[in-house]
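# Results of the structural survey
Given next are the chains, with one letter for each unit.
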Amino acid sequence: MNWSEFFAMGGYGLYVWGSYGCAALVLVGNVLSALHKHKTTLKMLRDYSRLDEAGTK
Amino acid sequence: MAPTLFSTSRSVFLRDLTLAARKPADMITPLVFFSIVISLFPLGVGPEPALLRTLAPGVLWVAALLATMLSLSRLFASDYADGTLEQMLMSPQPLSALVAAKILAHWVTTGLPLVLLSPVLAIQLQLPTAAMPTLLLALLLGTPVLSLLGSVGAALTLGLRGGGVLVSLLVLPLYTPILIFGAGAVAASATGQNPEAYLSLLGAFLIMALGFVPFATAAALRISLD
Amino acid sequence: MNIINYKYAAPRNFYRLAGTLTPWFGLITAVLLGIGLYFGLFVAPADYQQGESYRIMFIHVPAAWMSMFVYMMLAGSGAVGLIWNIKLADMLATVSAPIGASFTFLALVTGSLWGKPMWGTWWEWDARLTSELLLFFLYIGFMALQAAIDDPRRASRAGALLALVGVLNIPVIHFSVQWWNTLHQPASISAINKIGAPAIHPSMLYPLLIMALAFTLFYFTVALMRMRAEILQRERHTAWVGEIAGGKA
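Bear in mind the structure is a predicted one, so any value in this text is a computation, not a measurement. (Residues numbered from 1 in each chain as written. Chains lettered and ligands numbered in written order. Predicted model: local features only at pLDDT ≥ 70, side-chain atom pairs only at ≥ 80, totals over all residues.)

Attention now moves to the environment of C:Ala10. Position of C:Ala10 relative to the elements: it lies in the loop between α1 (2–7) and α2 (11–43). Considered as a pair, C:Ala10 and C:Leu88 are 78 residues apart in the sequence and their alpha carbons are 7.7 Å apart. (Helix = DSSP H or I, 4+ residues; strand = E, 2+ residues; numbered from the N terminus.)

So this is what it looks like as structure tokens:
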């Protein structure tokens, strides 16, 4: 397996790896975004219940 | 005399016409916008006649699209504000018929003037006179579809912040087929070809839109007002 | 069996189900991606005409397929939510939109990156890419509409109606754009169109299908993750959500 040939992709390296890189970004981005949303929702719920308790005191 | 479907629709239609006549500015502003946008193109790309002639069909249609879109908020806004729209929802008459009447009035006061003004502006863009009848017919068939499709966007965005821009975002992708075939018809005519196929398609779009869109807009109004 | 199915239509039960399923879906996705990438990058031979650049196809084509598939899921679940008032269906529509939009964006970028070495320009108004661009605008419109409406019920129903109007328009748009494209360009067969032709070699077809399957499972994995957050958000006034929030403080 000639690695330098593999990375060059017959001269099209920029385009091919640019595409696969973009795909990686999109996939990872989706996952991170979903995790972040879950985290912020939990935080919002905690704040909400904290304020709720404070209000009823 | 009991109100019939026709008499109620006609009342809605005439009411909207009367209200529009009382505020001539609402009718004139889209026309002025139409004219300005068309004048901007020669300023942007240069006055060379051959270039303008090539651009003319597309520019005329894009300007018509944008002018129609700007006027869409007018369709339901005032009736929404004063409660008339809720009355229409509660009326025993089918909402889709009343909506169709409103859209017709909107087109008569917005689209139709655009159609009538277009030849004058087309001359500015060096459109050959042979293409004028096609231009008129294509816009005549296309602008009602623009009003119809636009009404769905206007109904969905009733009372929302972001108003006009949001409607544009929703509605412009839906306008693209009309743009393609409308401009195609005029371009074909300008180069001496037969625009019949394009015009038939525009006619087909119009008939389908007339058949389906009022129901979609009525559903959208119910969603927005419930 | 029926009882088990309907039980999961309740947000609380679906929340737990989604939590259990997500890691497994994620695992299968990762395995499929690995296999697809291995076959696509290492096993599949270079193309006779396009050399190595055709390997972009293994990203571009599945991404484009997904952009359409997710829109169908969005419109379909929106319709189910609109007609039968099922909250989970509404939620699936809402969470699908950003995922579908990102696939559309990926299809556009990879289409452009594939086009540059092939056609010499960064953007080409061919029928597929132009339709893809309009689809991207449809996704953005849907997300913008839902973001502008505060009331969740109105937001879901308005979005569903917009998505249905969009679905009905997609064939019209696609047809119009194809006509427009043949009208304005001479009949030169673009390299991408060639890939659509029937005779695609199995060594290239299999990685393509595996990547498409991987992307599909990826969509479901992320959708499940987002659904959990969406459920917590929408059901925040219920006791069971309160427990989750309180317990994790």
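Here the focus is the interface of chain A and chain C. How big an interface is tends to be reported as the loss of accessible area on association of its parts. With 24 residues of chain A at the interface, the matching set in chain C holds 32 residues. Taken together, the residues of the side of chain A that touches chain C break down into 14 nonpolar, eight polar and two charged. (Contact = placed C-beta atoms within 7 Å. Nonpolar A, V, L, I, M, F, W, Y, C, P; charged D, E, K, R; others polar.)

What follows deals with the UniProt feature "transmembrane region" (unreviewed entry) in chain C. Look at the UniProt record and you will see "transmembrane region" (unreviewed entry) annotated at residues 21–43, 63–84, 91–113, 133–149, 161–180 and 204–225 of chain C. A distance of 32 Å separates the end C-alpha atoms of residues 204–225 of chain C, which is 100% helix and 0% strand. (UniProt positions renumbered as here; feature names shortened; annotations may be inferred.)

We now examine the packing of helix α3 (residues 49–71) of chain B against helix α6 (residues 95–124) of chain B. All names here are of chain B. At a closest axis distance of 11 Å, the pairing of α3 and α6 adopts a crossing angle of 150°. Judged on the interaxial angle alone, α6 and α3 are roughly antiparallel. Handedness of the α3/α6 crossing: right-handed. Within the contact between the two elements, α3 uses Ala56, Leu60, Ala64, Ala67, Thr68 and Ser71 and α6 uses Thr110, Gly111, Leu114, Ser118, Leu121 and Ala122. Taken together, the residues that form the contact of α3 with α6 break down as seven nonpolar, five polar and no charged. (Axes fitted to C-alpha atoms, helices over the stretch in contact; angles between N-to-C directions. Parallel < 35°, antiparallel > 145°, perpendicular 65-115°, else oblique. Left-handed = near helix turned anticlockwise from the far one by under 90°.)

Opposite the 22 residues of chain C that make contact, chain B presents 20 residues. The greatest single-element share of the side of chain C that touches chain B, amounting to 13 residues, is contributed by helix α6 (residues 152–184) of chain C. Of the residues assigned to the side of chain C that touches chain B, the class counts are 17 nonpolar, three polar and two charged.

This paragraph deals with helix α2 (residues 24–45) of chain B. Residues and elements named next belong to chain B. Look at α2: 33 Å from first C-alpha to last across 22 residues, which is about the 32 Å you get at 1.5 Å a residue. Along α2, the residues that are buried comprise Pro30, Phe34, Ile38 and Phe41. Across the axial projection of α2, the buried residues extend over an arc of 70°, all falling on one side. Away from its buried face, by an angle of more than 90 degrees, α2 presents the exposed residues Pro24, Ala25, Ile28, Val32, Ile36, Leu40, Leu43 and Gly44. Residues of α2 that are buried make contact with α3 and α6. Directly after α2, the chain includes Gly46, whose backbone phi takes a positive value near 95°. (Expected span 1.5 Å × (residues − 1). Buried ≥ 20, exposed ≤ 12 C-beta atoms within 10 Å, placed from the backbone. Arc of directions from axis to C-beta.)

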